[in-house]
Each structure stands twice: as C-alpha cells, then as structure tokens.
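# An overview of the molecular structure
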Amino acid sequence: GADELFGGYPRYKVLKYKGLFNTFKFIGKLFLPILYKFNSINKKIDRLFNFLEEKDFIFSYSSLIGVFSKKEIKRLLINKSSIDSFHKKISKILKGTEHFTNYKKAFYLDLYGFLSHNFIVTDKSSMQASIEVRVPLVNKFIAVKNFYEDDENLLNLFTTKIQLKKILSKNLPNNIINRKKTGFNPPLDPIVNNLDQKKIIELFNSGSLNKYVDLKPIFSLIDDHFRNKKNNTYKLYQLLYLHFWIDNYEN
C-alpha cells in the first residue's frame with residue numbers, strides 16, 4: 001500500500017531514470033510491432049514513448065499516467081484552448097516546485113490528483129470488503145518525511161518502497177516483502193470487446209460527445225482495436241466514460 005508516499009509505482013522509476021530510457025527508445029521503436037503483441041504491456045507502450053517524446057514535465061507526466069498524448073488530445077478536442085487551460089491549472093498546483101526533481105514533482109502532484117481520487121474509488125470499495133489498501137499508511141507525518149527524503153532513499157532502478165521494506169524486513173520474510181507487485185485493475189478488455197464495434201460506434205454517433213470531440217480519430221481507434229491492430233481498450237473506455245458523463249450532465 002501507499003505507493004504514492006513510498007515511491008511504489010513503476011512510473012516513478014521511469015520518471016527518475018528518463019535519461020536512461022531515452023537512450024534506448026530508438027531501439028525500442030524498432031521492435032514496436034513485436035511489443036504490441038504482448039498483452040501485459042501493449043496498452044502501456046504508447047504511454048512510455050509519448051512520455052519520452054515530451055520535454056515539458058506536465059505534458060510528459062500526463063502522457064505517462066493518462067492514456068492519450070498531447071498530440072492525440074489536440075487531434076480529438078474541438079476547442080484546442082482547453083489544452084492550455086489544463087497546463088495553467090497544473091502549473092498553478094506545481095508553483096514553487098521548480099527546484100524539485102521530476103519524481104518529487106510527480107509525488108507532489110499525485111497527492112492532489114491520483115491519491116485523492118483513489119481514496120474516493122479504490123479505498124472506499126476495498127473497505128466494503130474489509131480490505132485496507134493504503135489508508136493505514138497514509139498520514140501527514142509519513143508524507144512529509146518521505147517527501148524530504150532523497151530520491152535514492154525511496155527507490156532506485158531495481159527496487160521501490162525502500163523505506164517501507166526496511167521497516168517490514170524486521171518482521172516479515174523476504175518472499176513477502178519483495179514479491180511481484182499486483183494491481184487491482186478492472187477487467188476492461190472484455191467489457192469493451194463485449195460492447196461490440198457496431199454498438200460503440202452507435203453510442204458515439206447518438207450522443208453529445210461530438211460537440212467537444214472530433215469523432216473521426218475515435219473511429220480510427222475503434223477500427224484498429226477490433227482489427228487487433230492495436231489494443232485501444234483504455235482509450236475507448238475513457239471516451240465511453242466521457243460520452244456517458246456528458247450525456248448525463250446535459251440531460
């Protein structure tokens with residue numbers, strides 16, 4: 001638990017060692033057709049390369065944790081000024097963090113976004129099943145202490161949650177402390193695939209999404225997905241969610 005406070009997410013490694021990943025990105029691009037065939041990573045490949053392409057921290061980190069790059073959002077949005085509005089909003093949150101490392105900027109930003117969202121969704125859901133995911137570890141003292149720890153004391157290229165593992169090593173066996181990370185991801189692939197290509201197109205054509213988003217790039221995403229050219233589950237799910245939210249909001 002408490003990945004946000006102890007540096008547990010793999011994306012924090014990617015942030016910290018962006019220079020190293022940049023070194024190998026050109027080699028990686030040569031093997032993209034092969035990499036797309038691996039279900040465990042094919043939905044994450046685009047995010048990694050979009051992150052590496054962006055020079056601005058806000059857009060690069062947004063590409064890493066989101067499902068659309070700035071270029072894709074620019075193609076999708078009818079009102080392009082929304083992109084600048086988003087950047088201004090995040091810049092305001094990050095004001096005063098200019099001297100922080102990119103990992104610490106992400107740490108700081110996640111306290112406002114990713115963590116607060118998870119309290120509402122993941123942690124409420126888990127506690128209904130009597131499972132404490134991160135709440136017992138999240139408190140102000142730990143947040144402040146870890147925020148001012150050197151990055152190297154929280155994570156490195158080979159391991160994460162260094163401080164937490166040091167504490168737990170006094171009472172727990174190594175196979176528990178260092179076991180493979182397992183997330184709680186909903187089964188989005190069958191949900192999207194079971195909707196069927198024709199049904200998804202009908203939903204987008206019948207709603208109000210086209211007031212805000214160009215549908216042509218969306219139809220390309222749908223076509224690529226159902227032809228097994230690319231796994232666009234996350235992107236289609238986000239767009240479907242936005243479609244239903246707009247229709248519910250406007251009605």
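Each value, and the rule that gives it
Residues numbered from 1 in each chain as written. Predicted model: local features only at pLDDT ≥ 70, side-chain atom pairs only at ≥ 80, totals over all residues. Heavy atoms only, no water. Helix = DSSP H or I, 4+ residues; strand = E, 2+ residues; numbered from the N terminus. Rg over C-alpha atoms; globule rule 2.2 N^0.38 Å. Buried < 20%, exposed > 50% of the residue type's maximum accessible area, 1.4 Å probe, protein only. Contact = heavy atoms within 4.5 Å. Areas by Shrake-Rupley, 256 points an atom, 1.4 Å probe, with all protein chains shown as cover. Lys, Arg positive; Asp, Glu negative; His and termini not counted. Charge placed at Lys NZ, Arg CZ, Asp CG, Glu CD. Axes fitted to C-alpha atoms, helices over the stretch in contact; angles between N-to-C directions. Parallel < 35°, antiparallel > 145°, perpendicular 65-115°, else oblique. Left-handed = near helix turned anticlockwise from the far one by under 90°. Nonpolar A, V, L, I, M, F, W, Y, C, P; charged D, E, K, R; others polar.

## Some details on the overall build of the chain
The secondary structure content of the chain amounts to 17 helices and zero strands. For 251 residues, the compact-globule formula gives about 18 Å, and the C-alpha radius of gyration of the chain, at 20 Å, lands near that figure. Along the longest, intermediate and shortest principal axes, the C-alpha atoms of the chain span 60 × 40 × 40 Å. Put simply, the chain has 251 residues, and 39% of those count as buried. The contacts in the chain between residues at least 6 apart in sequence include a share of 64% that link residues at least 24 apart. Just so you have it, the chain exposes about 15700 Å², and 58% of that area is on carbon and sulfur atoms. When the 41 positive and 24 negative side-chain charges of the chain are each reduced to one mean point, those points stand 3 Å apart.

## A few points about the packing of helix α14 (residues 188–195) against helix α17 (residues 233–250)
Packing of α14 against α17 leaves a shortest axis separation of 10 Å and a crossing angle of 70°. With respect to α17, the element α14 is oriented roughly perpendicular. Like other packed secondary-structure pairs, α14 and α17 cross with a definite hand, here left-handed. Here α14 contributes Leu188, Asp189, Val192 and Leu195 to the contact with α17, which in turn contributes Thr233, Tyr234, Leu236, Tyr237 and Leu240. Its residues assigned to classes, the contact of α14 with α17 shows seven nonpolar, one polar and one charged.

Purely geometric stuff here, so don't read any function into it on its own.
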